[in-house]
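Residue strings, one per chain:
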Amino acid sequence: MAERPITIAIDGYSSCGKSTIAKAMAAKLGYAYVDSGAMYRAVALYALRNGWADGDTVNGPAIIASLNSIDVHFRPDRATGRADTYLNGENVEDEIRSMAVSSVVSHVSVIREVRAKLRAMQQQMGLRGGVVMDGRDIGTAVFPHAELKIFMTADPEIRAQRRFDELRAQGRDVTFESVRTNLAERDHEDTHRAEDPLRQADDALVLDNSHLTPHGQLALALQWAEQRIGMRNPKMGN
Ligand code: DC
């Protein structure tokens, strides 16, 4: 009998390396990887392009009214092997990572109707298990019954440095200070919003990777996953 796959929810602060570990786990286990943050970023990009998001203000009613016209989905890119994010048929994978989008996305993600729409899509994607999804509310709101929940955290300075290095490597013209400020603001927004704030689920396992190598943290997370897969697929007696 085929092994029954589990659902893996990875939540945590911005720039903790959630997507790196989630992708690696998905590849190793043969599961699908879903970047839920990319979906919020795509909606934020749509709002920006329509002039509905500017600094700290977003036009919530306009965004809500157009939700039915916003299609977000993922499509695998054969050349890179990654699943790119599409907004109404356009590949926006790179554009959603810009500072402009990062600056407004947390204001867009506080909107209850946006969350409800994206949550329903995410639940649909994970209907049959075999998925590793990362975000802020995956273990608490999207998949509260996930077999494995990981809550990732790391020192804020280390996270800011990692994010800064990543953006500079992409050739983006950012200062360390602006990255650090943006991260601190997003941490605050993510943990203090009324709708599905970022919080550690009671049954989540904490992974603080401030001083762990990528290899070390992946090994630990895979060990947890194998254990949960074993619990979901108990061996039949001889
Ligand atoms: O993971 P990320 O930095 O790409 O996420 C972008 C923003 O989307 C982040 O500021 C919080 C929000 N988000 C959310 O509210 N819920 C999720 N499940 C994922 C992301």
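Refer to the preceding data block for the structure.
Now for a quick tour of the structure. Per chain, residues are indexed from 1 in the order of the written sequence. In view of the model being predicted, local features appear only for residues whose pLDDT reaches at least 70, and side-chain atom pairs are presented and counted only at 80 or more, with totals across whole chains, interfaces and linings using the full set of residues. The basis for every side-chain value is the complete set of non-hydrogen atoms in the structure, without hydrogens or water.

## Observations concerning empty space enclosed by the protein
Then, number 1: Using only the protein atoms, space was sampled on a 1 Å grid; points where a 1.4 Å probe fits but cannot get out form cavities, open sets with protein on both sides within 12 Å along at least five of seven lines form pockets, and lining residues are those with an atom within 4 Å of a point. Grid points are joined across faces, edges and corners, and a volume is the space filled by probe spheres set on the points. Counted according to the given criterion, the structure contains one cavity of 30 Å³ or more.
Then, number 2: Of the pockets and cavities examined, the largest cavity occupies roughly 40 Å³.
Then, number 3: Taken together, Ala9, Asp11, Gly139, Thr140, Lys149, Ile150, Phe151, Arg199, Gln200, Ala201 and Ala204 make up the full set of residues lining the largest cavity.
Then, number 4: Secondary structure elements follow DSSP: runs of H or I of four or more residues count as helices, runs of E of two or more count as strands, with numbering from the N terminus. Mapped by element, the contributors of at least two residues to the lining of the largest cavity are strand S1 (7-12), helix H6 (138-142) and strand S9 (148-153).

## Focus on the site of the ligand
Then, number 1: Residues in contact with the ligand amount to 15 residues; listed here are only the nearest, Arg41, Arg115, Arg136, Asp137 and Arg193.
Then, number 2: A distance of 2.9 Å is found between an oxygen atom of the ligand and a side-chain nitrogen or oxygen belonging to Arg193.
Then, number 3: Isolated, the ligand exposes 440 Å² of accessible area, and the fraction of that covered by the protein chains is 94%.
Then, number 4: By definition, a pocket or cavity contains a molecule when more than half of the molecule's atoms lie within 2 Å of the pocket's grid points. Its atoms largely coinciding with the cavity grid, the ligand occupies the largest pocket.
Then, number 5: Breaking the shell around the ligand down by element, the ones donating at least two residues are helix H2 (36-49), helix H4 (99-108) and helix H8 (176-192).
Then, number 6: When residues of the shell around the ligand are assigned to their parent elements, the largest contribution, four residues, is made by H2.
Then, number 7: For this classification, the nonpolar set comprises Ala, Val, Leu, Ile, Met, Phe, Trp, Tyr, Cys and Pro, the charged set comprises Asp, Glu, Lys and Arg, and every other residue, Gly included, is treated as polar. In the shell around the ligand, the residues fall into three nonpolar, five polar and seven charged. Throughout this document, a residue counts as near a molecule or strand when at least one of its heavy atoms sits within 4 Å of that molecule or strand. Under the rule applied, a polar contact is a pair of N or O atoms within 3.5 Å (in protein, one hydrogen donor and one hydrogen acceptor; residues adjacent in sequence only if both atoms are side-chain atoms). With residues, only the protein chains shown are counted as cover, and all accessible areas are computed by Shrake-Rupley using a 1.4 Å probe.

## Observations concerning the nonpolar core
Then, number 1: The biggest cluster of nonpolar side chains holds 24 residues, and the ones touching the most others in it are Val43, Ile63, Ile70, Val72, Leu87 and Val114.
Then, number 2: Contributions of two or more residues to this core are made by H2, H4 and helix H5 (112-125).
Then, number 3: When residues of this core are assigned to their parent elements, the largest contribution, nine residues, is made by H2.
Then, number 4: Contact criterion: two residues are considered in contact whenever any of their non-hydrogen atoms come within 4.5 Å of each other. Ignoring anything within four residues of it in the chain, the contact list for Val114 reads Tyr40, Val43, Ile63, Leu67 and Val108. Joining through side-chain atoms within 4.5 Å is the link that ties buried Ala, Val, Leu, Ile, Met, Phe, Trp, Tyr and Cys residues into a set, and such a set is a nonpolar core. Residue burial is assigned from relative accessible area. The probe radius is 1.4 Å, only protein chains are included, and a residue is buried under 20% of its type maximum, exposed over 50%, and partly exposed in between.

## Thoughts on the packing of H2 against H4
Then, number 1: Helix axes use the C-alpha atoms of the stretch in contact, all axes being lines fitted to C-alpha atoms, and the angles between their N-to-C directions lie in the range 0 to 180 degrees. Where H2 meets H4, the axes come as close as 8 Å, and the angle between the chain directions of the two elements is 105 degrees. By the angle between their axes, H2 is roughly perpendicular relative to H4. Here Tyr40, Arg41, Val43, Ala44, Leu45 and Leu48 of H2 lie close against H4, whose contacting residues are Ala100, Val101, Ser102, Val104, Val105 and Val108.
Then, number 2: Considering only residue class, the contact of H2 with H4 consists of ten nonpolar, one polar and one charged. Working rule for angles: under 35 degrees goes down as roughly parallel, over 145 as roughly antiparallel, 65 to 115 as roughly perpendicular, anything else as oblique.

## Looking at the sheet that holds S1
Then, number 1: Should DSSP find at least two bridges between two strands, the strands are taken to pair. Strand order across the open sheet formed by five strands is S2-S8-S1-S9-S10, with parallel pairing between neighbours. Lying at the two open borders of the sheet, with one neighbouring strand each, are strand S2 (32-35) and strand S10 (205-208). For this sheet the average axis-to-axis angle between neighbouring strands, irrespective of direction, equals 20 degrees.
Then, number 2: Packed onto the sheet, helix H1 (residues 18-29) meets S1, S2, strand S8 (131-135), S9 and S10 and runs at close to 170 degrees relative to S1.
Then, number 3: Taken strand by strand, H2 contacts S2 and S8, and its axis lies near 40 degrees from that of S2.

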